[in-house]
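Inside the fold
One letter stands for each residue in the lines below.
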Amino acid sequence: DVKVTQSSRYLVKRTGEKVFLECVQDMDHENMFWYRQDPGLGLRLIYFSYDVKMKEKGDIPEGYSVSREKKERFSLILESASTNQTSMYLCASSLELAGGDYEQYFGPGTRLTVT
Amino acid sequence: KQEVTQIPAALSVPEGENLVLNCSFTDSAIYNLQWFRQDPGKGLTSLLLIQSSQREQTSGRLNASLDKSSGRSTLYIAASQPGDSATYLCAVIPLMTTSGTYKYIFGTGTRLKVLA
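Here we summarise the structure given alongside this text.

Conventions adopted
Residues numbered from 1 in each chain as written. Chains lettered and ligands numbered in written order. Predicted model: local features only at pLDDT ≥ 70, side-chain atom pairs only at ≥ 80, totals over all residues. Heavy atoms only, no water. Helix = DSSP H or I, 4+ residues; strand = E, 2+ residues; numbered from the N terminus. Rg over C-alpha atoms; globule rule 2.2 N^0.38 Å. Buried < 20%, exposed > 50% of the residue type's maximum accessible area, 1.4 Å probe, protein only. Contact = heavy atoms within 4.5 Å. Areas by Shrake-Rupley, 256 points an atom, 1.4 Å probe, with all protein chains shown as cover. Core = buried A, V, L, I, M, F, W, Y, C linked by side-chain atoms within 4.5 Å. Disulfide = S-S within 2.5 Å.

The next subject is the overall build of chain B. Counting its regular elements, chain B contains 0 helices and 11 strands. Scaling as 2.2 N^0.38, a compact globule of 116 residues should have a C-alpha radius of gyration of about 13 Å, and chain B matches this with 14 Å. Based on the C-alpha atoms only, the size of chain B along its principal axes is roughly 50 × 30 × 20 Å. A buried classification covers 46% of the 116 residues belonging to chain B. Once local pairs closer than 6 in sequence are excluded, the contacts in chain B between residues at least 24 apart make up 56%. Of the roughly 5,400 Å² of accessible surface on chain B, a fraction of 49% belongs to carbon and sulfur atoms.

Right, here's the structure in full:
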């Protein structure tokens, strides 16, 4: 079974702190994603990475950066946390199937509260 | 711009009922569609993937169908149980970015409650 793990289930940080959220997948997937999920807004893509050291902005990249130094690990960084970044953060990886389709797998999520 | 809509937003049914969840998308030029389940405070669990060459997929009591021309997918749950209570999301893959990686577009989900 594919496993996507996230470093913390719950995290509480103060405004202005630098925050690292880590995600690890164990299936050698090329693509990894960071989303945030807020009530009424659904899932929104922050950043994704299609290869080591390669990244692309999603729909809401402002206030975030990412790092992918190794294929299995994708980190989301909040340079200076703000209260409007309080959210559920979900990491995912995707597998390319024969025929060019993709299947996405999610981690358990990190509930981040910024006070 | 691709938009994915799930109606209803919430649904409450008695145990044992068969039910259908709907997913609509505005651009029929999609590649594949995936259905997920999300329990409160948890991540998403993949239920069914309908690949580009397929029109439906089945897993146990779940059956998902896809009609690209009409922009619709349905998730059928047979003999619903209280354990099926969760939010169900669909996601389509319509866009290719400059990197060649497909971006998923998610619906906002249907929150299902099955009453014992």
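Looking now at the nonpolar core. Ranked by internal contacts, the top residues of the largest apolar core, which has 23 residues, are L33, W35, L75 and I77 of chain B. Contributing elements (two or more residues each) for this core: strand 3 (19-25), strand 4 (33-38), strand 5 (44-50), strand 7 (62-67), strand 8 (72-77), strand 9 (86-96) and strand 11 (110-115) of chain B. In contact with L75 of chain B, other than residues within four places in its own chain, are L19, V20, L21, W35, L47, L48, L62, N63, A64 and Y88 of chain B. One finds V4, V19, Y64 and L76 of chain A within the second-largest nonpolar core, a separate group that totals 20 residues.

Take unusual backbone geometry next. Cis geometry is adopted by the peptide bond preceding P8 of chain B, which originates at I7 of chain B and carries an omega value of 5 degrees. Mapped onto the elements, P8 of chain B comes out in the loop between strand 1 (4-7) and strand 2 (10-14). Even without a glycine there, the phi angle at K53 of chain A is positive, about 65 degrees. Relative to the elements of secondary structure, K53 of chain A occurs in the loop between strand 5 (42-51) and strand 6 (54-57). For A79 of chain B, which is not glycine, the phi dihedral falls at a positive 45 degrees. Residue position: A79 of chain B is located in the loop between strand 8 and strand 9. The exposure class of A79 of chain B is partly exposed, given its relative accessible area of 36%.

Once that is clear, we can look at the state of the cysteines. In total, this model carries 2 disulfides over all chains according to the counting rule given. The residue that forms a disulfide with C23 of chain A is C91 of chain A, at a sulfur-sulfur distance of 1.8 Å. Torsion about the S-S bond of the C23 of chain A and C91 of chain A cystine: about -75 degrees, corresponding to left-handed handedness. Note that C23 of chain A is positioned in strand 3 (residues 19-25) and C91 of chain A in strand 9 (residues 87-96), a separation of 68 residues in sequence. Each member of the pair, C23 of chain A as well as C91 of chain A, carries the same accessibility label: buried. Note on cysteine connectivity: C23 of chain B is disulfide-linked to C90 of chain B, with sulfurs 2.0 Å apart. Sign of the S-S torsion, about 80 degrees for the bond between C23 of chain B and C90 of chain B, identifies this disulfide as right-handed. Residue C23 of chain B is found in strand 3, and its partner C90 of chain B is found in strand 9; the two are separated by 67 residues along the sequence. According to the relative accessible area criterion, C23 of chain B is buried, its value standing at 0%.

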